[in-house]
Amino acid sequence: QVQLVESGGGLVQAGGSLRLSCAASGSRFSLAIMGWYRQSQGKQRELVAIIASTGSTNYADSVKGRFTISRDNAKNTVYLQMNSLKLEDTAVYYCNGDFGWYGQYWGQGTQVTVSP
């Protein structure tokens, strides 16, 4: 069983920055594909960014050039640096870990609210 614990959400003004962190338990983090998803009210959960075990990344078009996903395998942690935040970035952000045969896991979510 893997536990994912997010932190770093909060209230920020438009144009500001936040950094989300997701700490994973267990010993297989370095092999996992890690991702950040978000869900805003009344909408489906959507992929924001993903990072493979190789460090290769992919982003939703809506956040390209503003958000950066990274990982620190020594700390079992994945990060999402969010810059130039917009009102439409307001959502609950979820960390996801795909551990292959060992399963897929979600964090509890962290609220990000962008104010005018």
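Just above, that's the structure.
Here is what the cut-offs are and how they apply
Residues numbered from 1 in each chain as written. Predicted model: local features only at pLDDT ≥ 70, side-chain atom pairs only at ≥ 80, totals over all residues. Heavy atoms only, no water. Phe/Tyr/Trp six-rings, centres within 6.5 Å; stacked < 30°, edge-to-face > 60°. Helix = DSSP H or I, 4+ residues; strand = E, 2+ residues; numbered from the N terminus. Buried < 20%, exposed > 50% of the residue type's maximum accessible area, 1.4 Å probe, protein only. Lys NZ or Arg CZ within 6 Å of the ring centre and 35° of its normal. Salt bridge = Lys/Arg side-chain N within 4 Å of Asp/Glu carboxyl O. Pairing = 2+ DSSP bridges.

**Things to note about the packing of aromatic side chains**
Link 1 in the chain: Evaluation of the coordinates by the stated rule reveals three aromatic pairs.
Link 2 in the chain: Both rings, one in Tyr37 and one in Trp106, keep their centres 5.0 Å apart while their planes meet at 65°; by these two values the pair is edge-to-face. Here Tyr37 is found in strand 4 (residues 33-39), whereas its partner Trp106 is found in strand 10 (residues 104-106), with 69 residues between them in sequence.
Link 3 in the chain: On the basis of relative accessible area, Tyr37 is assigned to the buried category, the value being 18%.
Link 4 in the chain: For the ring pair Phe99 and Tyr105, a centre distance of 5.8 Å and an interplane angle of 75° mean the geometry is edge-to-face.
Link 5 in the chain: In this structure Phe99 comes out as buried when scored by relative accessible area, which is 7%.
Link 6 in the chain: Three or more aromatic residues link up through ring pairs in this structure, and these residues are Tyr37, Tyr94 and Trp106.
Link 7 in the chain: When the ring centre of Tyr94 is taken as reference, the NZ or CZ atom of Arg45 above it lies at 3.7 Å.

**Some points on the pattern of salt bridges**
Link 1 in the chain: Considering all chains together, one arrives at four salt bridges under this definition.
Link 2 in the chain: Of the charged contacts, one joins Asp89 and Arg66 as a salt bridge, the two residues approaching to 2.7 Å between their closest N and O atoms. Taken together, the positions of Asp89 in the loop between strand 8 (77-82) and strand 9 (91-98) and Arg66 in the loop between strand 6 (57-59) and strand 7 (67-72) put the pair 23 residues apart, joining distant regions of the chain. This pair shows no difference in class: Asp89 is buried, exactly as Arg66 is.
Link 3 in the chain: Overlapping salt bridges, with partners in common, bring together Arg38, Glu46, Arg66 and Asp89 in one network.

**Looking at the pairing of strand 1 (residues 4-7)**
Link 1 in the chain: Residues Leu4 and Glu6 line the buried face of strand 1, whereas the alternating positions Val5 and Ser7 sit on a face that is not buried.
Link 2 in the chain: Summarising the sheet, strand 1 and strand 3 (residues 18-24) pair through four bridges and their orientation is antiparallel. Paired with Glu6 across the strands is Cys22, a residue of strand 3.

**Looking at the pairing of strand 3**
Link 1 in the chain: With five of seven residues buried, strand 3 is to be regarded as a mostly interior element.
Link 2 in the chain: Here six bridges tie strand 3 to strand 8, and the two strands are oriented antiparallel to one another. Within the sheet, the bridge partner assigned to Arg19 lies in strand 8 and is Gln81.

**Considerations on unusual backbone geometry**
Glycine aside, a negative phi is what most residues show, and trans is what most peptide bonds show.
Link 1 in the chain: Phi is positive for Asn76, close to 55°, though the residue is something other than glycine.
Link 2 in the chain: Examined against the element boundaries, Asn76 turns out to sit in the loop between strand 7 and strand 8.
Link 3 in the chain: For Asn76, a relative accessible area of 16% corresponds to the buried category.
Link 4 in the chain: The backbone of Ser84 sits at a positive phi, close to 50°, despite the residue not being glycine.
Link 5 in the chain: Positionally, Ser84 belongs in the loop between strand 8 and strand 9.
Link 6 in the chain: Here Ser84 falls in the partly exposed class, since its relative accessible area comes to 40%.

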